[in-house]
Amino acid sequence: MAFVGFVESVSNLHSSELRSMWLSGLVDDKFKLPSVESMLSQTAKEIEVMKRSTRFYKRHCISTYSINHSDEICKDLGWSSWRKKNWLSEVFGPYSIQDYAKED
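Sequence positions are assigned chain by chain, starting from 1 and proceeding in written order. In keeping with the predicted nature of the model, local features appear solely for residues at pLDDT of at least 70, side-chain atom pairs appear and are counted solely at 80 or more, and the whole-chain, interface and lining totals rest on all residues. Where side-chain values are given, they derive from all heavy atoms of the structure, hydrogens and water being excluded.

Caption draft 1: Spatial organisation of the nonpolar core. Among the nonpolar cores identified, the biggest contains 6 residues, and these are Leu18, Met21, Ile73, Cys74, Trp79 and Tyr100. The helix count covers DSSP runs of H or I at least four residues long, the strand count covers runs of E at least two residues long, and both are numbered beginning at the N terminus. Among the secondary structure elements, those contributing two or more residues to this core are α1 (13–27) and α3 (66–77). We call two residues in contact whenever any of their non-hydrogen atoms come within 4.5 Å of each other. If we skip the residues at most four places from it in the chain, Cys74 touches Trp79, Ser80, Ser81, Arg83 and Tyr100. Think of a nonpolar core as a cluster: buried Ala, Val, Leu, Ile, Met, Phe, Trp, Tyr and Cys residues, connected wherever their side-chain atoms sit within 4.5 Å. Here's how the labels work: a residue is buried when its accessible area is under 20% of the maximum for its type, exposed when over 50%, partly exposed in between, all with a 1.4 Å probe on protein chains only.

This is the structure in structure tokens:
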């Protein structure tokens, strides 16, 4: 049994669904986790970026990093992190649940 999700914003259904697909991929051995040292190093780097870029928040602000997190999940699953049909939409368009539909 696993718990997937966290309070991110008003609606985090697409990110929870994406995390569920990631979890099933991990359980089905579709990819392997990196070493503990690698994960700790990556986490330390991300914390430093958050400290520099979220200085106006009194608490941690994870919602600004949700697209990056979703991109990392796509990478683990072997999916392209570019989810739009063209680069203009990718750079300037908002993301929605349809952008993270399962790739076959």
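Caption draft 2: Geometry of the pattern of salt bridges. Note on definitions: salt bridges are taken to be side-chain nitrogens of Lys or Arg within 4 Å of carboxyl oxygens of Asp or Glu. Going through the model one piece at a time under the given rule, you end up with 1 salt bridge. Linking Asp29 and Lys32 is a salt bridge whose minimum nitrogen-to-oxygen distance equals 3.2 Å. In this structure Asp29 comes out as exposed when scored by relative accessible area, which is 53%.

Caption draft 3: Region of interest: the side chain of Arg83. Inspection of the secondary structure puts Arg83 in the loop between α3 and α4 (87–92). Arg83 gets classed as buried once you look at its relative accessible area, which sits at 11%. In protein, a polar contact means a hydrogen-donor-capable atom and an acceptor-capable atom, both N or O and within 3.5 Å, with residues adjacent in sequence counting only if both atoms are side-chain atoms; elsewhere, any N or O pair within 3.5 Å suffices. In this structure the side chain of Arg83 is engaged in a polar contact, spanning 2.8 Å, whose partner is the backbone oxygen of Ser80.

Caption draft 4: Local environment of the environment of Lys30. Along the polypeptide, Lys30 turns up in the loop between α1 and α2 (36–53). On the accessibility criterion, Lys30 (64% relative accessible area) is exposed.

Caption draft 5: Spatial organisation of the side chain of Glu90. By the secondary structure assignment, Glu90 is in helix α4. In this charge count, Lys and Arg are treated as positive and Asp and Glu as negative; neither His nor the chain ends contribute. The charged side chain of Glu90 is buried without a salt bridge, its nearest counter-charge being Lys84 at 6.8 Å. Here the side chain of Glu90 touches Arg83 through a polar contact of 2.8 Å, landing on its backbone nitrogen.

Caption draft 6: Highlighting a nonpolar patch on the surface. Residues qualify for a patch when their relative accessible area is over 30% and they have no salt bridge, like charges being joined within 9 Å and the nonpolar side chains of Val, Leu, Ile, Met, Phe, Trp and Tyr within 5 Å. Residue burial considers only the protein chains on display, and all accessible areas are found by Shrake-Rupley using a 1.4 Å probe. Together, Trp82, Trp87, Leu88, Val91 and Phe92 give the surface a local cluster of nonpolar side chains, amounting to about 640 Å² of exposed area. For Leu88, the location among the structural elements is in helix α4.

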